[in-house]
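Overview (structure and organization)
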Amino acid sequence: MATQFPEDFKCPISLEIMSDPVILSSGHTFDRASIQRWLDSGHRTCPITKLPLPEHPCLIPNHALRSLISNYTLVTLSKSQPCPQPQTLISALTSSSSPLGTKLDSLTHLARITKRDSALRRKLTESGAVPAVLKCVDSDDPSLQEKALSLLLNLSLDDDNKVGLVAEGAINRVVKVLRVGSPDCRAIAATIITSLAVVEVNKATIGAYPDAIRALVCLLVAGKGREKKEAATALYAICSFDDNRRRAIECGAVPILIGLLDSGLERAIEVLGLLVKCKEGREEMMKVNGCVKVLVGVLRNGSSRGVQYGLFTLNCLCNYSESFCFEARNEGVLEICMGLVEEENEKIRRYTSSLVQSLMRGDHGIG
């Protein structure tokens with residue numbers, strides 16, 4: 001399908017069709033997720049023109065292009081294969097008399113066409129179809145559950161829907177899937193948590209829900225590759241809220257994350273970079289044998305974003321503990337820092353400078 005779209009519909013970074021196009025101050029348009037990752041990595045230049053950007057670049061939604069992509073998607077879909085009218089699909093989904101096969105077909109079509117059609121997502125929520133979707137999420141049929149989760153994820157893409165979905169009881173269903181769903185369903189469920197947590201008030205609601213954070217931490221242990229990554233991403237999304245950091249630590253997240261980081265799951269360092277901000281997190285990290293070596297490994301071999309979080313985490317720990325600072329010096333962190341002071345990434349340079357000062361001081365900076 002993607003090859004049939006005009007090139008202007010593709011993000012210059014990901015080369016995929018844009019779902020949320022935004023305009024940078026340079027005048028070029030990118031998919032929000034891709035340009036945000038670029039900026040989060042510390043870049044302050046336009047990926048295309050290489051011209052400098054402000055310290056806090058403004059991302060302006062490109063509503064016109066988003067509408068064009070959405071309309072083109074619908075036209076292309078209608079030409080490529082016959083699809084029932086959305087209202088027919090919604091009616092089939094919400095009808096108590098519809099057989100399982102009909103509901104599965106409706107969910108399949110709706111999950112596909114709502115992926116980039118915000119107007120249809122709005123129509124679906126306004127039609128009162130959300131309870132029917134959630135009921136399918138509760139289904140014992142893995143195929144029905146997976147399609148219902150995919151549709152629920154699409155509905156959660158719109159900020160206006162995020163609080164409403166939580167109010168309708170989405171968290172209860174999603175957490176249950178995290179515990180007992182199939183691998184694919186558990187991965188989608190974790191992604192839904194990440195999407196819902198974009199709205200600040202939902203972070204507190206999700207964290208306070210019984211077993212929500214524990215289910216994500218358990219998925220870090222019991223899940224496969226994709227499940228672990230999505231669970232770590234969801235924890236990162238909700239642990240920007242202070243109380244959730246402590247809940248994750250109480251669920252034993254710290255040693256699990258350090259182990260995953262040592263196994264190559266770099267997303268773990270981003271979560272550790274949040275947990276290290278509280279005293280309980282720092283104390284748990286100091287209890288883990290080999291923690292310093294794992295963090296040093298990130299500095300040596302990690303991506304730009306990984307190095308950024310690795311530096312920040314090490315700096316917090318070195319400021320907190322003289323013994324940790326001593327161990328970091330013995331692991332050659334000062335020498336690594338000398339190679340990072342000229343980095344193009346501004347955050348890496350700043351965190352490197354702070355870490356060097358901490359290592360040279362070698363005494364407590366955080367109480």
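Computed from a prediction, not measured in an experiment: that's the story for all the values here.

Right, let's talk about the packing of helix H12 (residues 212-222) against helix H13 (residues 225-238) for a bit. Two numbers describe how H12 lies on H13: the axes approach to 8 Å, and their chain directions differ by 145 degrees. In the packing of H12 onto H13, the handedness of the crossing is left-handed. Of H13, the residues touching H12 (which contributes Ile 213, Leu 216, Val 217, Leu 219, Leu 220 and Val 221) are Glu 227, Lys 228, Ala 231, Ala 232, Ala 234, Leu 235 and Ile 238. Taken together, the residues of the contact of H12 with H13 sort by class into 11 nonpolar, no polar and 2 charged.

Using the residue numbers shown here, the UniProt feature "repeat: ARM" (unreviewed entry) corresponds to residues 128-170. A distance of 14 Å separates the end C-alpha atoms of residues 128-170, which is 74% helix and 0% strand.

In this section: the nonpolar core. Counting residues in each nonpolar core, the largest one holds 101 residues, and the members touching the most others are Leu 151, Ile 193, Leu 216, Ile 238, Leu 275, Met 285 and Leu 311. Membership of the second largest hydrophobic core comes to 15 residues, among which are Met 18, Cys 46, Leu 53 and Leu 65.

This part covers helix H15 (residues 253-262). The set of residues buried in H15 consists of Ala 253, Val 254, Leu 257, Ile 258, Leu 260 and Leu 261. All buried residues of H15 lie within an arc of 160 degrees about the axis, which places them on one face of the element. Buried residues belonging to H15 abut H12, H13, helix H14 (242-250), helix H16 (267-275), helix H17 (279-287) and helix H18 (291-301). In the segment just after H15, Gly 264 is the residue with positive phi, at about 110 degrees.

Here the focus is the pattern of salt bridges. In this structure the tally under the stated criterion is 16 salt bridges. The salt bridge involving Arg 245 is made with Asp 242; its shortest N-O contact spans 3.0 Å. Remark: Asp 242 and Arg 245 occur in helix H14; sequence separation between them is 3 residues, near one turn of the helix. Between Arg 267 and Glu 270 there is a salt bridge, with its nearest N and O atoms 3.6 Å apart. Here the residue Arg 267 and the residue Glu 270 both occupy positions in helix H16, the gap between them amounting to 3 residues, near one helical turn. Looking at Arg 267, the relative accessible area reads 24%, which means it is partly exposed. Looking at Glu 270, the relative accessible area reads 8%, which means it is buried. One network of salt bridges, with partners in common, ties together Asp 20, Arg 32, Arg 66, Arg 121 and Asp 158.

What follows covers the side chain of Arg 305. Along the chain, Arg 305 turns up in helix H19 (residues 304-320). A distance of 3.0 Å separates a polar atom in the side chain of Arg 305 from a polar atom in the side chain of Glu 270. Leaving out residues up to four positions away in the same chain, Arg 305 has contacts with Asp 40, Ser 41, Tyr 236 and Glu 270.

This part is about the environment of Ser 143. By the secondary structure assignment, Ser 143 is in helix H7 (residues 142-155). Between the C-alpha atom of Ser 143 and that of Ser 353, which follows or precedes it by 210 residues, the distance is 52 Å.

Criteria and thresholds
- Residues numbered from 1 in each chain as written.
- Predicted model: local features only at pLDDT ≥ 70, side-chain atom pairs only at ≥ 80, totals over all residues.
- Heavy atoms only, no water.
- Axes fitted to C-alpha atoms, helices over the stretch in contact; angles between N-to-C directions.
- Helix = DSSP H or I, 4+ residues; strand = E, 2+ residues; numbered from the N terminus.
- Left-handed = near helix turned anticlockwise from the far one by under 90°.
- Contact = heavy atoms within 4.5 Å.
- Nonpolar A, V, L, I, M, F, W, Y, C, P; charged D, E, K, R; others polar.
- UniProt positions renumbered as here; feature names shortened; annotations may be inferred.
- Core = buried A, V, L, I, M, F, W, Y, C linked by side-chain atoms within 4.5 Å.
- Buried < 20%, exposed > 50% of the residue type's maximum accessible area, 1.4 Å probe, protein only.
- Arc of directions from axis to C-beta.
- Salt bridge = Lys/Arg side-chain N within 4 Å of Asp/Glu carboxyl O.
- Polar contact = N/O pair within 3.5 Å; in protein donor to acceptor, adjacent residues only side chain to side chain.

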